[in-house]
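# Fold and contact review
Here are the chains, one letter per residue:
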Amino acid sequence: QLYEFCEKHNVPYSKCGKLVVATNESQEKILNTIYERAEANGLSNKMGDSLRFLSRNQATELEPDLECTAALYSPATGIIDSHSFMIALQGDIEHE
């Protein structure tokens, strides 16, 4: 919904994805917990792009200089121009 809002209101954004990385076994357990919680909350269904658990090799295919043991990849994550976003929200409120 956020990207649809940005499109409709000409708010600049980039759907660039995000890697959340683990650098040791204890952090991998935390990634597993995050992954399970996201799946239980239907994150992949809401975002349209599935959250994926990646091995070290899969993660370094995306980011060759990365040092990790595993990663979560969220392809639907992105960045928006927060100033433009706030102006668009203000405009919506003022026109209601």
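Described in the following lines is the structure provided in the data block. (Residues numbered from 1 in each chain as written. Predicted model: local features only at pLDDT ≥ 70, side-chain atom pairs only at ≥ 80, totals over all residues. Heavy atoms only, no water.)

### Looking at the overall build of the chain
Along the backbone of the chain there are five helices and five strands. Seen in sequence order, the chain has helices and strands lined up from the N terminus as α-β-β-α-α-β-α-β-β-α. By the compact-globule yardstick of 12 Å for 96 residues, the chain is too spread out, its C-alpha radius of gyration being 17 Å. Oriented by its inertia axes, the alpha-carbon framework of the chain measures out at about 50 × 30 × 20 Å. Here the chain holds 96 residues, and the buried ones make up 27% of them. Contacts in the chain between residues far apart in sequence, at least 24 positions, make up 62% of those at least 6 positions apart. A total accessible area of about 6900 Å² is found for the chain, and carbon and sulfur atoms account for 49% of it. (Helix = DSSP H or I, 4+ residues; strand = E, 2+ residues; numbered from the N terminus. Rg over C-alpha atoms; globule rule 2.2 N^0.38 Å. Buried < 20%, exposed > 50% of the residue type's maximum accessible area, 1.4 Å probe, protein only. Contact = heavy atoms within 4.5 Å. Areas by Shrake-Rupley, 256 points an atom, 1.4 Å probe, with all protein chains shown as cover.)

### What about the sheet that holds strand E2 (residues 18–22)?
Across the sheet, which stays open at both edges, the three strands sit in the order E2-E4-E3 with antiparallel pairing between neighbours. A strand with exactly one partner marks an edge of an open sheet, and here the two such strands are E2 and strand E3 (52–55). Taking the axes of each pair of neighbouring strands and ignoring which way they run, one obtains an average angle of 25 degrees across the sheet. Note: E3 against strand E4 (residues 70–74), four bridges, orientation antiparallel. If you follow Phe53 over to E4, its bridge partner there is Leu72. (Pairing = 2+ DSSP bridges. Axes fitted to C-alpha atoms, helices over the stretch in contact; angles between N-to-C directions.)

### Here we look at the environment of Asp81
Within the secondary structure, Asp81 sits in the loop between strand E5 (79–80) and helix H5 (82–94). For the pair formed by Asp81 and Arg52, sequence separation is 29 residues and the distance between their alpha carbons is 26 Å. Setting aside chain neighbours within four positions, we find Asp81 in contact with Val11 and Pro12.

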